[in-house]
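# Structural description and commentary
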Amino acid sequence: ASVLGATSTNNWPSPNTAGLYFNGPTTRSFTTQEFNTLNGGYFKFDLIYSSPSTIGESPESGEQVQLQYSKNNGSNWTPVANYSTVTYGGGTWKTISVQLQGVLADPSIRLRLIQPTYTRTGGIFDTWGLDNVAMQLKTITQVPDLYALRYEGFHFVRGLNRTNPIKFEIIFEE
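Here the structure is a predicted model, which means the values were calculated and not measured. (Residues numbered from 1 in each chain as written. Predicted model: local features only at pLDDT ≥ 70, side-chain atom pairs only at ≥ 80, totals over all residues. Heavy atoms only, no water.)

This part is about the overall build of the protein. For the protein, the count of helices and strands is 1 helix and 14 strands. Evaluated residue by residue, the protein yields a buried proportion of 43% over its 174 residues. Accessible surface computed for the protein: about 8,700 Å², of which carbon and sulfur atoms make up 48%. (Helix = DSSP H or I, 4+ residues; strand = E, 2+ residues; numbered from the N terminus. Buried < 20%, exposed > 50% of the residue type's maximum accessible area, 1.4 Å probe, protein only. Areas by Shrake-Rupley, 256 points an atom, 1.4 Å probe, with all protein chains shown as cover.)

On to the pattern of salt bridges, then. Applying the stated criterion across every chain yields a total of 2 salt bridges. A salt bridge links D106 to K71, with the shortest nitrogen-to-oxygen separation between them at 3.7 Å. Taken together, the residues span a long stretch of sequence, with D106 in the loop between β8 (94–99) and β9 (110–114) and K71 in the loop between β6 (65–70) and β7 (78–83) at a distance of 35 residues. (Salt bridge = Lys/Arg side-chain N within 4 Å of Asp/Glu carboxyl O.)

Okay, the sheet that holds β7 next. Read from one edge to the other, the open sheet built from 5 strands follows the order β1-β4-β9-β6-β7, with strand pairing classed as antiparallel. The open sheet terminates on both sides in strands that have one partner only, identified here as β1 (2–4) and β7. Between one strand axis and the next, the sheet turns by 15° as a mean value, whatever way the strands run. As paired strands, strand β4 (residues 29–31) and β9 are joined by 3 bridges and run antiparallel to one another. Bridge pairing in β9 places S29 opposite I114. (Pairing = 2+ DSSP bridges. Axes fitted to C-alpha atoms, helices over the stretch in contact; angles between N-to-C directions.)

Side chains of a nonpolar character, in soluble globular proteins, are inclined to be buried together. Counting 24 residues, the largest nonpolar core has F43, F45, L47, Y83, L111 and L130 as the members making the most contacts within it. Put simply, the parts of the chain that give this core at least two residues each are β3 (19–22), β5 (41–49), β6, β8, β9 and β12 (128–143). Counting residues per element, this core draws most heavily on β12, at 5 residues. (Core = buried A, V, L, I, M, F, W, Y, C linked by side-chain atoms within 4.5 Å.)

Turning our eyes to something else, we now look at the packing of aromatic side chains. Inspection of the entire model under this criterion finds 4 aromatic pairs. Summarising the aromatic geometry, the rings of F22 and W128 are spaced 4.0 Å apart at their centres and angled 5° between planes, so their arrangement reads as stacked. Here W128 lies in strand β12 and F22 lies in strand β3, a separation of 106 residues in the sequence. By relative accessible area, which is 0% here, W128 ends up buried. On the numbers, 5.6 Å between centres and 80° between planes, the contact of F45 with Y83 is edge-to-face. (Phe/Tyr/Trp six-rings, centres within 6.5 Å; stacked < 30°, edge-to-face > 60°.)

Further remarks concern unusual backbone geometry. A positive phi angle, near 60°, is found at N73, a position not held by glycine. The backbone of N132 sits at a positive phi, close to 50°, despite the residue not being glycine. By secondary structure assignment, the location of N132 is in strand β12. For N132, a relative accessible area of 19% puts it in the buried group.

Take the environment of V103 next. Take V103: it is sitting in the loop between β8 and β9. Once the C-alpha coordinates of V103 and V80 are considered, the two residues, 23 residues apart in sequence, prove to be 8.6 Å apart. Not counting residues within four places of it along the chain, the set of residues in contact with V103 comprises Y69, K71, V80 and I109. (Contact = heavy atoms within 4.5 Å.)

Another point: the environment of E63. As for its placement among the helices and strands, E63 is situated in the loop between β5 and β6. Sequence separation of E63 and Y83 is 20 residues, and the distance between their C-alpha atoms is 9.4 Å. Among residues more than four places away in sequence, those in contact with E63 are Q115, T117, Y118, T119 and D126.

With respect to the secondary-structure elements, S70 resides in strand β6. Residue class for S70 comes out buried when judged on its relative accessible area of 1%. A polar contact of 2.9 Å, which involves the side chain of S70, links it to the side chain of N72. Within the structure, S70 has its side chain in polar contact with the backbone nitrogen of G74 (distance 2.8 Å). (Polar contact = N/O pair within 3.5 Å; in protein donor to acceptor, adjacent residues only side chain to side chain.)

Structure below.
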């Protein structure tokens, strides 16, 4: 995964007091490595927009975080979802889970959370945060007389300053 325009902080409000803090006059994004999502799965993360009672300025209308995908190694990005400051604002963590199906089902896809536009008000930039960023992929393998349904998980960010994915697997066999 790659992270641009963020630092780690433990100043976010409870219950998740630690996470990535996006602020400043630079590109603000979180990008996964390439994955095969043809069999489905989930991309899940906690998002917070700052409010006057937290640690920065809340993004204005139209300056929300966007989920984008790339099927050509990051050369081009296509928006798939916008996370409105009205729905996801308020200075509290919101958990978002995206099903990897439709346009997000591909043998070679990257996902990116980005704030494409932002402003500076009174010397303070829009502020938002991410925590508990994870991807769970489903693979189905067949061996003689046995089907194995496998979920591979990648936990990218959990708490302070963890951007290297930790891989885990859950295997269900019949």
